[in-house]
Each structure stands twice: as C-alpha cells, then as structure tokens.
Amino acid sequence: MASRLLWASKAASYLKISTFNRGFASVVKDLKYAESHEWVKVKGNSATVGITDHAQDHLGDVVYVELPEVGATVTQGSSFGAVESVKATSDINSPVSGKVVEVNEELSSSPGLVNGSPYENGWIIKVEISDTNEVSSLMDCEQYSKFCEEEDNH
Amino acid sequence: MIVASNSCLSCLIPPWTIRSNSGQISTSRRASASQITITESNSLVQQTNKRRCKCYDMYKEAVPFAEAWAWQKSIVEERKSLIDRNEDDLDTLIVLQHQPVYTLGTASSENNLNFDIKDPPLPIYQTERGGEVTYHGPGQLLLYPIMNLRFQKMDLHWYLRALEEVVIRVLFSTFSLKASRVEGLTGVWVGDKKLAAIGIRVSKWLTYHGLALNVSTDLSPFSGIIPCGIKDLGVGSIKELLRGSSRPSSTSSDHDDGDGKLIDIAHESLLKEFCEVFQLELCHQSVSILRYPDK
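Residues numbered from 1 in each chain as written. Chains lettered and ligands numbered in written order. Predicted model: local features only at pLDDT ≥ 70, side-chain atom pairs only at ≥ 80, totals over all residues. Heavy atoms only, no water.

A short note on helix α2 (residues 156-175) of chain B
Residue and element names in this part refer to chain B.
- Relative to the 28 Å expected for 20 residues at 1.5 Å per residue, α2 spans 28 Å between its end C-alpha atoms, a close match to the ideal helical length.
- In terms of burial, α2 is largely enclosed, as 16 of its 20 residues are buried.
- Where α2 begins, one side-chain oxygen reaches toward the backbone nitrogen of H157, 2.9 Å away; that side chain belongs to D155.
- S176 sits one or two positions beyond α2 and adopts a positive phi of about 55°. (Helix = DSSP H or I, 4+ residues; strand = E, 2+ residues; numbered from the N terminus. Expected span 1.5 Å × (residues − 1). Buried < 20%, exposed > 50% of the residue type's maximum accessible area, 1.4 Å probe, protein only. Polar contact = N/O pair within 3.5 Å; in protein donor to acceptor, adjacent residues only side chain to side chain.)

Printed below as a string of structure tokens:
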C-alpha cells in the first residue's frame, strides 16, 4: 500500500500535475453514503439515490446520465447506470438492493442537475428496498466526509 | 483558432533514452473461429521498482472490433472479481488495430453521423465508453489500458491527461511533431487536426477503452461522421503531417511499405512513453488469434 502511494504521488509530480484543493464537498446529514460515492435517502422501504457532491465535483460537467428502466432490479454495490463527463463514462452503483420505481427523467434533458443539485433535483432513481438491513453497512455523513478526505490524499 | 495547452504539462519535453522491454510477442493465425485465446508466457522480467503490467500486443493485427470489445469486457470482469477480493495486482494493456468500424459512446448523438444509423456504410457499435462517434481502421494504433486507478491516482481527469501525455510525448520525441491539448476537448491535436481520440469507461476505479492514434490511417471514413462531435476541426494522421498537409490525405492506394515502418516506430514509441508516464514495466503475453471461416 505504501509503495502504491509513493508511486501515485511520484507519477503525479513526475507529470507536474497540480492536485488543486477543491475544498470540502458538501454532505447532507440524514443521508447514507456508499464508498463508490452515491448517497441514499431512506424512508421506510423507499429510497432515493444520487451521486454525492464529492463525486460530481471530481467528475466535472456531467453531459449524460444513463438511467435504468423502471421495474429493473438493483443490487447493493452493483452498477445500475452511468454518468458521462468529458470522454469518461463512470458506473453508478446502487447503495441498496430492490426495484427501481422511478427514474429522474429530467436528467435526460438536463444532466447538469447532477452537478448543480446533487442531493435535490439531481436525484437519479427511487428504489423500493428489498432488504433494509443493508442500509446499516453504509456510512453516515461524518464517516463519508472522512472517507473522501482519505481517498483524496491517496 | 487558439490552441491552448491544458494544465502545466508542457509538450516540449526532451526525448528520454529508450529502455527496452523484456519479453516476446508472438501471434499465430490459424483457420479457426473468431476467438482470442491467451497463453501466458514466462517472460523474463527485469527486477525494477516499477509496477508490472500485462501487455497483449497485436499491433500489426486489424482485429474486428466486436472481438476486441468482448475480450476487453471479459478481462474487466476478471479484474473486478480480483478487486472485490482485494487481490488485484497487475494492470493490463491491449495494443492492436481494428478493421474499419464506427463506434459511438454512451451519449453519442445521431446528429454526428452523416448517414442513416440503420444503414451504415461500415459496422457501427454503441459502446459504454465516454465520448462521441469515431472511426477506427487499419493504420490507427489503439491502446486499451485496463488500469486500476488505485494503483495510480484516483482522478479521472488526471488519467485522461496522462493518456494525452503519452501521445504528446510520442509525437514530439519520435516524430518531432509539436502536439497539444485543447481545453475542454479531450484528445491530442497538432495544429487544428486531431491525431488521437480518447474515450474511457470507469467502473470502481477500473478503466477500460482508451486511445486511438492515427498513424497511417486512411482518413476518408472520417468524412462519414462529425468526429467526436467537433464540427470546426479536422482529423489528421502522423503520415499526413510528415508528408506535408498540401498533399491530399492518404487513400488506400497510397499504402506502401513505409506505412508498416511508421506503425512499427509509432508502436515502439507508444509502449515506451506509456511505461514512462504510468511508471510501468510491461510483461508481454503471447496471444493466439484463432479464426474460423464464416459459417
């Protein structure tokens, strides 16, 4: 692990890439967070899912969001869609398992909502959770903030 | 048009001494089905401090896109399982050419096609990579690095800039072509011509797809599309630039032995600069491509 860190920072300095400090990305208190930078708002067995401010900040301008079909099954930790920004398309992974009951159609015409309002208007899917116990394996906002800090210093 | 270089990466980098990569590349072609099989060879790897990267090098082969794509995805699935078990250790690099094909990215618009998508002049594939439509064909070298960015830097922008850096260095150190980036447009440009296109997919910090460098590519199929969705700028190749742009762009009838040499030189330089930028040591794997006659 140490040698990987060494190489990552050596490579960065070798290429003279400055890793400018973006400052702290926002987190929302009552949400839960996955290590792959998705958030979930749970109410009973209903969940709303999106990507975090940290994620959208690192991605840059989102130009396209690939949405699943309503009715599709999602599994915790598995990809259900994708976001594209500047020639890189990244998987979005579901923080919970269940069935997709709604997708944010607005994102088809306004993918930038993911950047501008990652926790509100930029929500991506709504899920009927099949196993509410899974939620306990997710991070709270403090754990997630710390996680992001550690990842950024990698 | 102003071509600005992005970030503090300079394209005026002095040539580096060539470090030879150990290992052997062998390909054999037999009359059997389109199926790529790999036999691992015990290539002798010098003990260095660099992380190792498996290299499947078919740079002289024009591989059908569908085969290479399926192969890439199978490697990605294997790597994802290793990542889940915390056992991922070696990155992968595939080098090849493609038979003529158009490929689309996740957000690609049909507006960037100068033909009806239901009746394309060439095979066309909708892929999971980022970026707009592009053409791949003989004379164009493709690098498909399957990289775990946890081994490098967990930053997609860094990765894209690093891929560009590989090409910029190749063009300068080997061909004395001054290439640059254009802010907001991923890719590598010489003047107002795009020589290398880049488009990637990322899943849990594992990247795939990659870059395509026009070496001696027949550029005429690019007129069937608005490449990468950019209307005002053209596409170029190393061969065209070395000849002088006053000559007409290369057609298949212009193909000569010099093209093979150009590909050889570009290939060697690409591997060298890839290793330098990503601080990797390549372990060449032998690849057997089996082809069956069409049923």
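Structural notes on the pattern of salt bridges
All names here are of chain B.
- Per the counting criterion, the structure on display carries 14 salt bridges over all chains.
- In this structure, the salt-bridge partner of K193 is E240, at a minimum N-O distance of 3.6 Å. Of this pair, K193 sits in strand β11 (residues 193-203) while E240 sits in helix α3 (residues 238-243), and the two are 47 residues apart along the sequence.
- A relative accessible area of 8% means that E240 is categorised as buried.
- A salt bridge links K272 to E273, with the shortest nitrogen-to-oxygen separation between them at 3.2 Å.
- A relative accessible area of 11% places K272 in the buried class.
- For E273, a relative accessible area of 1% corresponds to the buried category. (Salt bridge = Lys/Arg side-chain N within 4 Å of Asp/Glu carboxyl O.)

Observations concerning the packing of aromatic side chains
All names here are of chain B.
- As enumerated under the stated definition, the model contains 12 aromatic pairs over all chains in all.
- Each ring, one from F65 and one from W69, has its centre 5.6 Å from the other, and the planes form 40°; the classification is tilted. Here F65 and its partner W69 are both found in helix α1 (residues 65-84), 4 residues apart, which amounts to about one turn of the helix. In terms of burial, F65 and W69 fall into one category: buried.
- Note on W69 and Y125: the rings are 6.2 Å apart at their centroids and 75° apart in plane angle, and the pair reads as edge-to-face. In this pair, W69 is assigned in helix α1 and Y125 in strand β6 (residues 124-126), connecting sequence segments 56 residues apart.
- Assessed through its relative accessible area of 14%, W69 is described here as buried.
- Pairwise contacts between aromatic rings join Y102, F115, Y135 and F222 into one cluster.
- A cation over a ring is seen here: R51 above F151, with NZ or CZ 3.9 Å from the ring centre.
- The ring centre of W69 lies 3.7 Å from the NZ or CZ of K73, which sits over that ring. (Phe/Tyr/Trp six-rings, centres within 6.5 Å; stacked < 30°, edge-to-face > 60°. Lys NZ or Arg CZ within 6 Å of the ring centre and 35° of its normal.)

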